[in-house]
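An overview of the molecular structure
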Amino acid sequence: MAVTSYQAEQKSNQKKLNLIDTDIHERVMYEDLLAYLDQPYRRYITDCHWLQEKHMPYTQPAVAGVDRADAIVPDGRPAGSDLSFMQEQLLDACGHQAGILTGALDPSPSSMHGWYEMATALATAYNDWQIENWLEKDERLYGSVHIAAQDPQAAVREIERVGSHPKMVQVLLPIDDIMWGDPYYHPIFEAAQRHDLMIGMHHNEPPVYYGKWPRYFIEWHTLIPTAHMNQVTNMVFNGVFEKFEGLKLMMIEGGFTYVPFLMRKMDQQYKDLRHEVPWVKRMPSDTIREHICFTTQPLEEMNKKTFLEVLDQMGTDDIVSFSTDYPHWDYDSPFEALPPNLDANLQRKLFYENALRFYPKLKGLAGGVSHE
Amino acid sequence: MNKNALADTKREVVCHQDDLQPGQMLEYTFGRHPVVVCRAEDGRFFAFLNRCIHQGAPLSKGKLCGATAPTSNIGEYRFEKEGDILRCPWHGREFDIKNSGCMLAQPKYKLKSFKVTVEDEHVVIYR
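Residues numbered from 1 in each chain as written. Chains lettered and ligands numbered in written order. Predicted model: local features only at pLDDT ≥ 70, side-chain atom pairs only at ≥ 80, totals over all residues. Heavy atoms only, no water.

In terms of regular secondary structure, chain A is built from 13 helices and eight strands. A globule of 372 residues ought to have a C-alpha radius of gyration of about 21 Å, and chain A, at 20 Å, matches this closely. For chain A, the spread of C-alpha atoms along the three principal axes comes to 60 × 55 × 45 Å. The burial tally for chain A puts 59% of its 372 residues in the buried class. In chain A, the share of contacts with a sequence separation of at least 24, taken over all contacts with a separation of at least 6, comes to 80%. Carbon and sulfur atoms make up 50% of the accessible area of chain A, which totals about 15,400 Å². The averaged location of the 53 negative side-chain charges in chain A is 5 Å from the averaged location of its 33 positive side-chain charges. (Helix = DSSP H or I, 4+ residues; strand = E, 2+ residues; numbered from the N terminus. Rg over C-alpha atoms; globule rule 2.2 N^0.38 Å. Buried < 20%, exposed > 50% of the residue type's maximum accessible area, 1.4 Å probe, protein only. Contact = heavy atoms within 4.5 Å. Areas by Shrake-Rupley, 256 points an atom, 1.4 Å probe, with all protein chains shown as cover. Lys, Arg positive; Asp, Glu negative; His and termini not counted. Charge placed at Lys NZ, Arg CZ, Asp CG, Glu CD.)

In structure tokens, the structure reads:
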């Protein structure tokens, strides 16, 4: 009896891509963080059994909860917790040139509404763990600086501490109850810009429903883009990109098909209401096209015609970047998720060049790479 | 695929029927096709192309389970078809193995299926 494997089948049937994957979730176990935590924070976990309480009422969307069932490590550890298995199942199988790690959000320093000291210690430990166990063990992997944004001064110190690491490419901000355009975050933007780091936004426990959870997961998952729309609108009209002219923003895991609507709506409002925000000097859609990139996943199923129409309505195909969201349940395959028979030049942009252009610290990848 | 290859893969014995218990799945390569053989709770066998029609995920890594029945009563959960529903390991799409592999949410879409018989206590697959 012959047994097939997904990886073998994929390798044989698909040509390799030049791919920068802009959303990969590595996962830390609490016990893995201990070696990177100073006292007294370590003992709160070892002696007092501290763990971060999460509030999502539904974690059952698919066969293995929020993960791909086949991404659980063969020895039973959670999906995303083993580098070699991730290499085999994702990086090698798909032919990644680079992948941006975005964390598993548990523990999630930025979503702690109290005990800022613990959140700051967790962020520091997480970054050190990430660098030592992932970034420095696979040349394809790049990382995100995790911060406790509840304490902006501490967050800036953490960016200063690890932001210059050559493989740290962005700072992850939480979606929480302070919008990103608020001056509260400006010291973080300033530090990120100083270190050539993008700002990455990935939903965590987003207040997409008046700050609460909708009744069903299917509602929450449908409405994730609304949280992204809030942040983009807020940042643009609060003049963040006028103040920080070099700042780039990566909107992760909200898709991009809402962008044409948002551009039109913001431009229309700007024509009528510019007087309220005189610090905004350009049409909002122009600012978006210059400063913001959107990852593809979770991509709605579209035929080629519809897909191209969405890009056309954005006025550019330079601000969308492919992401898998591995190892989560709504993973998008780089071989299957996009409509078939896209123009080779467009594929190059979506899979590679757009991310390369946005992330200042990926510039080193530019040499020696050709796309089939 | 050439004609000889087609002829070679027309009928194959997959396993002894006791090798696959109710509720279990088996991966099998039929010619060049990856196949998932499923055994329902009532003991019957079904076989499908082992690639989800959505994004090609290996269905054999998913789960044979039941499904919540459609209802007109908001908030009512009634679980049915235990062992008859093949759920994709990635996005969790549900396919009814006893109804030609039709997708529950959109029955007009279905998995590619293969004929399966039990002959002399062995599971045999045809294309």
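After presenting the structure, the write-up continues.
Moving on, we come to the overall build of chain B. Regarding its fold elements, chain B presents one helix and ten strands. The helix and strand sequence of chain B, counted from the amino end, reads α-β-β-β-β-β-β-β-β-β-β. Since a compact globule built from 127 residues should have a radius of gyration of about 14 Å, the 15 Å found for chain B is in line with a globular shape. Looking at the 127 residues of chain B, the share that counts as buried comes to 48%. At a minimum sequence separation of 6, the contacts of chain B that also span at least 24 residues come to 44%. Working note: accessible area of chain B is about 6,600 Å², and carbon and sulfur atoms make up 45% of it. Here chain B holds 19 positive side-chain charges and 16 negative ones, and the gap between their average locations is 10 Å.

On to the packing of helix H5 (residues 116-135) of chain A against helix H6 (residues 152-162) of chain A. Residue and element names in this part refer to chain A. Between H5 and H6, the shortest axis-to-axis distance is 10 Å and the interhelical angle comes to 15°. Judged on the interaxial angle alone, H6 and H5 are roughly parallel. For the crossing formed where H5 meets H6, the hand is right-handed. On H6, the residues touching Thr120, Ala123, Thr124, Asn127, Asp128 and Ile131 of H5 are Ala154, Glu158, Arg161 and Val162. (Axes fitted to C-alpha atoms, helices over the stretch in contact; angles between N-to-C directions. Parallel < 35°, antiparallel > 145°, perpendicular 65-115°, else oblique. Left-handed = near helix turned anticlockwise from the far one by under 90°.)

Here we take up the nonpolar core. Of all hydrophobic cores here, the largest spans 137 residues; its most connected members are Ile188, Phe189, Phe256, Phe294 and Phe307 of chain A. Considering every element that reaches this core, the biggest residue donor is H5 of chain A, with ten residues. Residue contacts for Phe294 of chain A: discarding those within four places in its chain leaves Val232, Met251, Gly255, Phe256, Tyr258, Val259, Ile288, Met314, Ile319, Val320 and Ser321 of chain A. Membership of the second largest hydrophobic core comes to 15 residues, among which are Leu20, Val35, Val116 and Ile125 of chain B. (Core = buried A, V, L, I, M, F, W, Y, C linked by side-chain atoms within 4.5 Å.)

All names here are of chain A. For helix H13 (residues 344-358), spanning 15 residues, the distance from its first C-alpha to its last is 20 Å, which sits close to the expected 21 Å at 1.5 Å a residue. Most pronounced at Leu350, the bend in H13 amounts to some 50°. N-cap assignment for H13: the residue whose side-chain oxygen lies 2.9 Å from the backbone N of Asn345 is Asp343. (Expected span 1.5 Å × (residues − 1). Bend = angle between axes of the 7 residues up to and from the residue. Polar contact = N/O pair within 3.5 Å; in protein donor to acceptor, adjacent residues only side chain to side chain.)

Take the interface of chain B and chain A next. Residue-level contacts link 24 residues of chain B with 22 residues of chain A. A combined buried area of about 2,000 Å² lies between chain B and chain A, and 53% of that area is made up of carbon and sulfur atoms. A per-residue breakdown of the area chain B buries against chain A is headed by Glu27, Gln55 and Trp90 of chain B, which together make up 32% of the total. Here chain B and chain A share two salt bridges between them. Two residues, Glu336 of chain A and Arg51 of chain B, come together in a salt bridge whose shortest N-O distance is 2.6 Å. Counting residues per element, the ones that place at least two in the side of chain B that touches chain A are strand S1 (11-16) and strand S2 (25-30) of chain B. Sort the elements by how many residues they give to the side of chain B that touches chain A and S2 of chain B lands first, with four residues. Counted by class, the side of chain B that touches chain A contains ten nonpolar, eight polar and six charged residues. (Buried area = accessible area lost by both parts, 1.4 Å probe. Salt bridge = Lys/Arg side-chain N within 4 Å of Asp/Glu carboxyl O. Nonpolar A, V, L, I, M, F, W, Y, C, P; charged D, E, K, R; others polar.)

For the rest of this paragraph, the subject is the packing of aromatic side chains. In the structure shown here, the tally under the stated rule is 19 aromatic pairs over all chains. Measuring from centroid to centroid gives 5.1 Å for Phe322 of chain A and Phe351 of chain A, while their planes differ by 55°, and the two rings are tilted. Residue Phe322 of chain A is found in the loop between strand S8 (320-321) and H13, and its partner Phe351 of chain A is found in helix H13; the two are separated by 29 residues along the sequence. Each member of the pair, Phe322 of chain A together with Phe351 of chain A, is buried. Connected via pairs of aromatic rings, a cluster forms that spans Tyr58, Trp213, Phe217, Trp220 and Trp329 of chain A. When the ring centre of Tyr142 of chain A is taken as reference, the NZ or CZ atom of Lys167 of chain A above it lies at 5.1 Å. Over the face of the ring belonging to Phe114 of chain B we find Lys112 of chain B, whose NZ or CZ atom lies 5.2 Å from the ring centre. (Phe/Tyr/Trp six-rings, centres within 6.5 Å; stacked < 30°, edge-to-face > 60°. Lys NZ or Arg CZ within 6 Å of the ring centre and 35° of its normal.)

The subject of this paragraph is the confidence of the model for chain A. All names here are of chain A. Looking at chain A, pLDDT values average 91 and 92% of them are 70 or higher. Note on residues 1-9: pLDDT is under 50 here. Beyond four places in sequence and across chains, it has 25 contacts. With pLDDT under 50 throughout, residues 367-372 is counted as low confidence; its partners more than four residues away or in other chains account for eight contacts. (pLDDT = per-residue confidence, 0-100.)

Moving on, we get to the confidence of the model for chain B. All names here are of chain B. Considering every residue of chain B, the mean pLDDT works out to 93; 93% of them sit at 70 or more. Considering only residues more than four positions removed or in separate chains, one finds that residues 1-7, a stretch of pLDDT under 50, has four contacts. Confidence metrics for the complex model read pTM 0.91 and ipTM 0.82.

So, on to the pairing of S2 of chain B. If a strand is regular, its side chains alternate between the two faces of the sheet. Residues and elements named next belong to chain B. Here S2 runs beside strand S3 (residues 33-39); their pairing, made up of six bridges, is antiparallel. Across the sheet, the residue bridging to Phe30 is His33, located in S3. In sequence, S2 turns back onto S3 through a hairpin of two residues, with Gly31 there showing a positive phi of about 65°. (Pairing = 2+ DSSP bridges.)

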